[in-house]
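# Coordinate analysis (summary)
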Amino acid sequence: MKKIILVVSLTLIGFTSYSIAADADKGEKIFTANCTACHAKGMNHIAPGKSLSKEDLTANKRNSSAAIIALVTNGKSPMPAFGKLGAISASDIENVTAYVLKKADAGW
Ligand code: HEC
């Protein structure tokens, strides 16, 4: 009985982490295709104080998945509303967000 519970809970844990894990490697391709024009190497060529560095993301209260997903989905002119325009799917927005946060942690 204990063994069955263990197997069931391990399966659940495995499934849960798989289904919510955003893929930063996939996100890199999305970033290269859609974001580098303004954010090459994590910079912001249009609004310099709003780079993708950990410092700027923190100062601008965007150092979280939720905040970045909302921004990439809804945009903030001149940054396009990639999600609303249908340019990037919801799961790829999660992937590109994971990539941005990972690179910010690593200092780009
Ligand atoms: C046309 C230029 C442009 C493109 C393309 C663009 N952005 Fe931006 N991005 C901006 C501008 C301008 C801001 C500042 C918005 C504001 O006023 O808060 C910004 C802000 C951000 C921020 C918040 C930075 C901070 O420190 O507050 C993140 C995160 C971000 N962009 C991610 C992305 C991602 C991911 C993509 C690609 C899917 C992308 N951007 C594509 C121009 C762009």
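Residues numbered from 1 in each chain as written. Predicted model: local features only at pLDDT ≥ 70, side-chain atom pairs only at ≥ 80, totals over all residues.

## Quick notes on the packing of helix α5 (residues 65–74) against helix α6 (residues 90–106)
Relative placement of two packed helices is described by the angle separating their axes and the distance separating the axes. Their axes nearest at 9 Å, the elements α5 and α6 cross at an angle of 125°. When the interaxial angle is binned, α5 and α6 end up oblique. For the pair α5 and α6, the sense of crossing is right-handed. Within the contact between the two elements, α5 uses S65, I68, I69, V72 and T73 and α6 uses I93, E94, V96, T97, V100 and L101. Looking at the contact of α5 with α6 residue by residue, the classes come out as seven nonpolar, three polar and one charged. (Axes fitted to C-alpha atoms, helices over the stretch in contact; angles between N-to-C directions. Helix = DSSP H or I, 4+ residues; strand = E, 2+ residues; numbered from the N terminus. Parallel < 35°, antiparallel > 145°, perpendicular 65-115°, else oblique. Left-handed = near helix turned anticlockwise from the far one by under 90°. Contact = placed C-beta atoms within 7 Å. Nonpolar A, V, L, I, M, F, W, Y, C, P; charged D, E, K, R; others polar.)

## Re the packing of helix α2 (residues 24–34) against α6
Two elements in contact, α2 and α6, have axes separated by 7 Å at closest approach and are oriented at 95°. By the angle between their axes, α2 is roughly perpendicular relative to α6. Within the contact between the two elements, α2 uses A24, K26, G27, E28, I30 and F31 and α6 uses D92, N95, V96, A98, Y99 and K102. Within the contact of α2 with α6, the residues separate by chemical class into six nonpolar, two polar and four charged.

## Some points on the site of the ligand
With respect to spatial proximity, 25 residues lie near the ligand, and among them C35, C38, D56, N60 and M79 are the closest. Within the residue set of the shell around the ligand, elements represented by two or more residues are α3 (36–39), α4 (54–59), α5 and α6. A per-class count over the shell around the ligand returns 16 nonpolar, five polar and four charged. (Near = placed C-beta within 6 Å.)

## A short note on unusual backbone geometry
Residue P78 is bonded to the preceding S77 through a cis peptide linkage, with omega at 5°. If you check the backbone angles, K41 has positive phi at about 55° while not being a glycine. Looking at the element boundaries, K41 is found in the loop between α3 and α4. The residue W108 is not glycine, and still its phi comes out positive at about 55°. Along the chain, the position of W108 falls in the segment after α6.

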